2 protein chains.
Amino acid sequence: MLAHYAAPPGALTYPAGMSAAPQSPSPRLSLTERRKAETEREIARAAADLFSARGAAAVTAEGIAREAGISLRTFYRYFRTKEEAVAPLLTGGVRRWLDVLAAAPGQLPLTEALERAVRQALTPQDEAAAEALHRTRGLLRAIPGDPGLRTVWHRVHATTEEALVPVLTGLARPDADPLDIRLLAAAANSAMRIAVESWAADDADRNPAELAVQCLRKLTANLDVPRAPSGRTTGADDGAPAGTL
Amino acid sequence: MLAHYAAPPGALTYPAGMSAAPQSPSPRLSLTERRKAETEREIARAAADLFSARGAAAVTAEGIAREAGISLRTFYRYFRTKEEAVAPLLTGGVRRWLDVLAAAPGQLPLTEALERAVRQALTPQDEAAAEALHRTRGLLRAIPGDPGLRTVWHRVHATTEEALVPVLTGLARPDADPLDIRLLAAAANSAMRIAVESWAADDADRNPAELAVQCLRKLTANLDVPRAPSGRTTGADDGAPAGTL
DNA sequence: GCCAGCATGGCACATCGTGCCATTCGGTCG
DNA sequence: CGACCGAATGGCACGATGTGCCATGCTGGC
């Protein structure tokens, strides 16, 4: 259906390359792919800035394209709607969360693994991450006021839940009830979302990581699906980056 | 911003009148309001049928309007997008859930009240309710395949969570932590959603009510927010039908 | 240096969603 | 019963959205 792109808009867009390691020496990216990632980030930045400044309703896709220095047609090759343009900012933390979670050591109980991953994902490791976190906070504050942005937020939330399922399945004992896994994914994901929303809405700048851990504990205390016996996480690298819907 | 309508599209559209009692003698509705409700139901039916038949992508708003016997302009006065037209089918059960929950007797623990309400909401009381449930099941099966319908499903889910908060607040002890309430609302709502999704996806026609109760128990067992001491539910009638977002 | 592949830009076009105005119909008051 | 008022509808126009198609230019491999 789509002509050019292998990973079409609408996917949980993993920036492709900066896993847990810093992005210092990544020579595996071709120059073309670098420019594409750069363009995507530039569009997201432009969109977030314009949305925060004027409100999403007063911004057109053409305006974002102009601000990002590309044509309108190219914009729609990167994102399906103007609101989707900010999705990379919202999914950045999610990717780290899933990566850390998938690499959890085998002995850790699932709830404990979730907590640690949440802490790492919400604790900025370097300067750039701290700035991204701050920009994301500003974006989160603009979301409740705009239906289009709320839609993106909902979609990211749903996509995250779907992406959590294979990761948790890989961590859990093979005979775990799939329904339990889904419920655990939904609970952990909701805890994360509510914590982040509360953190963004609150004027006091509380520690988002601790807030998230607190929410997680309340929700998942009795959902401790049995952990897999071996430390081997079946297809963890396969499970994580999937999430096309 | 909107010229004519007091309750604009995008709200959790309570069909306004058929609470727990059958719709037999409702003379409180003016004839104009009856016709409006009738038109809305007719649009929803037309949209659901067309979506199920051809797939949502192949259906235009004009097609739905023609099928429902109204003009395109009028269609957009009832719903903001073509996908939103099916929202009434999805929120019908939600309304019953909230109504029953808000009327829960004061001694019942919150989790118990939630379970009972879920059971009542998902157990059709009469012939019409059973048919609506069946039609909704068909619609739910079409949702995963279409991005626009998924968006509506997400929005209904989010709106339900927001509507749950004031109801639960009214039921809980006044000193309950608002964060706990939000988490409980999210947990209960997610349990409900996953149960319904599983029920719709599964070929075997399991009992949706029992499935939902099962999911609820797993998620909310340790979230038993203290119940309000008096049986009086503070502003239950006020809290329930709000939910504009 | 040549060539295949891919990203981009421009154009056209169907659809979407809304503001504006005229018309019609239900509900109410004299 | 007739007249008025408000609300719902329909038609029209227009900006914005999102996509197919083709030409162009640049990247990466031979």
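Topic: the overall build of chain A
Part 1: The helix and strand tally for chain A stands at ten helices and zero strands.
Part 2: Ordering the α and β elements of chain A from the N terminus gives α-α-α-α-α-α-α-α-α-α.
Part 3: By residue count, 41% of the 245 residues in chain A fall in the buried class.

Describing the interface of chain B and chain A
Part 1: Chain B puts 22 residues into the contact, and the matching count from chain A is 22 residues.
Part 2: Of all the elements in the fold, those that place two or more residues in the side of chain B that touches chain A are α7 (147-171), α8 (178-201) and α9 (208-220) of chain B.
Part 3: Considering every element that reaches the side of chain B that touches chain A, the biggest residue donor is α8(B), with ten residues.

Brief notes about the relation of the copies chain B and chain A
Part 1: Here chain B sits on chain A after a turn of 180° about the axis and a move of 0.0 Å along it, with an RMSD of 0.1 Å. The transformation relating the two chain copies, once decomposed into turn and shift, fits a two-fold axis.

Looking at the domain arrangement of chain A
Part 1: The assigned domain composition of chain A is domain 1 (31-79) and domain 2 (86-239).
Part 2: Of the residues in the side of domain 1 of chain A that touches domain 2 of chain A, the class split is six nonpolar, two polar and two charged.

A short note on the environment of Ser198(B)
Part 1: Along the chain, Ser198(B) falls in helix α8.
Part 2: When the C-alpha positions of Ser198(B) and Ala212(B) are compared, they lie 9.5 Å apart, and in sequence the two are 14 residues distant.

Description of the protein's contact with DNA strand D
Part 1: Leu31(A), Tyr76(A), Thr81(A), Ser71(B) and Thr74(B) are the nearest of the 22 residues found near DNA strand D.
Part 2: Put simply, the parts of the chain that give the surface near DNA strand D at least two residues each are α1 (31-54), α2 (61-68) and α3 (72-78) of chain A together with α1 (31-54) and α3 (72-78) of chain B.
Part 3: A per-class count over the surface near DNA strand D returns six nonpolar, nine polar and seven charged.

Quick word on the protein's contact with DNA strand C
Part 1: Every one of the 22 residues lining DNA strand C counts as a neighbour, but Ser71(A), Thr74(A), Leu31(B), Tyr76(B) and Thr81(B) are closest to it.
Part 2: Counting only elements with at least two residues in the surface near DNA strand C, the list comes to α1 and α3 of chain A together with α1, α2 (61-68) and α3 of chain B.
Part 3: Within the surface near DNA strand C, the residues separate by chemical class into six nonpolar, nine polar and seven charged.

A few points about the packing of helix α8 (residues 178-201) of chain A against α8(B)
Part 1: Closest axis-to-axis distance for the α8(A)/α8(B) pair is 10 Å, and the angle between their directions is 145°. Seen along the crossing, α8(A) lies across α8(B) with a hand that is right-handed. Residues Leu179(A), Arg182(A), Leu183(A), Ala186(A), Ala187(A), Ser190(A), Ala191(A), Ile194(A) and Ser198(A) of α8(A) form the contact with α8(B), whose own contacting residues are Leu179(B), Arg182(B), Leu183(B), Ala186(B), Ala187(B), Ser190(B), Ala191(B), Ile194(B) and Ser198(B).
Part 2: Residue composition of the contact of α8(A) with α8(B), grouped by class: twelve nonpolar, four polar and two charged.

What about the nonpolar core?
Part 1: Core analysis: the biggest nonpolar cluster contains 74 residues, and Ala191(A) and Ala191(B) have the highest contact counts within it.
Part 2: The residues contacting Ala191(B), other than those within four sequence positions of it, are Leu183(A), Ala212(B), Cys215(B), Leu216(B) and Leu219(B).

Some details on the packing of α7(B) against α8(B)
Residues and elements named next belong to chain B.
Part 1: Two elements in contact, α7 and α8, have axes whose closest approach is 9 Å; the angle formed by their N-to-C orientations is 130°. In terms of orientation, α7 and α8 fall into the oblique class. The two elements α7 and α8 meet at a crossing, and its hand is right-handed. Contact with α7, carried on its side by His-157, Thr-160, Glu-161, Leu-164, Val-165, Leu-168 and Thr-169, involves Ile-181, Arg-182, Leu-184, Ala-185, Ala-186, Ala-188, Asn-189 and Arg-193 of α8 and no other residues of that element.
Part 2: Looking at the contact of α7 with α8, its residues break down into eight nonpolar, four polar and three charged.

Thoughts on the environment of Leu114(B)
Residues and elements named next belong to chain B.
Part 1: Here Leu-114 shows up in helix α5 (residues 110-122).
Part 2: On the basis of neighbour count, Leu-114 is assigned to the buried category, with 31 C-beta atoms found within 10 Å.
Part 3: Placed twelve residues apart in sequence, Leu-114 and Ala-102 show a C-alpha to C-alpha distance of 9.6 Å.
Part 4: Those residues in contact with Leu-114 that sit more than four places away from it in its chain are Leu-101, Ala-188, Leu-216 and Thr-220.

A short note on the confidence of the model for chain A
Residues and elements named next belong to chain A.
Part 1: A residue-level look at chain A finds 78% of positions with pLDDT of 70 or above and a mean pLDDT of 81.
Part 2: Across residues 1-6, where pLDDT falls below 50, the model places three contacts with residues more than four positions away in sequence or in other chains.
Part 3: Ignoring residues within four places in sequence, the model shows residues 13-27, a span with pLDDT below 50, making 16 contacts including any to other chains.

Thresholds, definitions, all that
- Residues numbered from 1 in each chain as written.
- Chains lettered and ligands numbered in written order.
- Predicted model: local features only at pLDDT ≥ 70, side-chain atom pairs only at ≥ 80, totals over all residues.
- Helix = DSSP H or I, 4+ residues; strand = E, 2+ residues; numbered from the N terminus.
- Buried ≥ 20, exposed ≤ 12 C-beta atoms within 10 Å, placed from the backbone.
- Contact = placed C-beta atoms within 7 Å.
- Least-squares fit on C-alpha atoms with pLDDT ≥ 70 in both.
- Domains from an automatic or database assignment.
- Nonpolar A, V, L, I, M, F, W, Y, C, P; charged D, E, K, R; others polar.
- Near = placed C-beta within 6 Å.
- Axes fitted to C-alpha atoms, helices over the stretch in contact; angles between N-to-C directions.
- Left-handed = near helix turned anticlockwise from the far one by under 90°.
- Core = buried A, V, L, I, M, F, W, Y, C linked by C-beta atoms within 7 Å.
- Parallel < 35°, antiparallel > 145°, perpendicular 65-115°, else oblique.
- pLDDT = per-residue confidence, 0-100.

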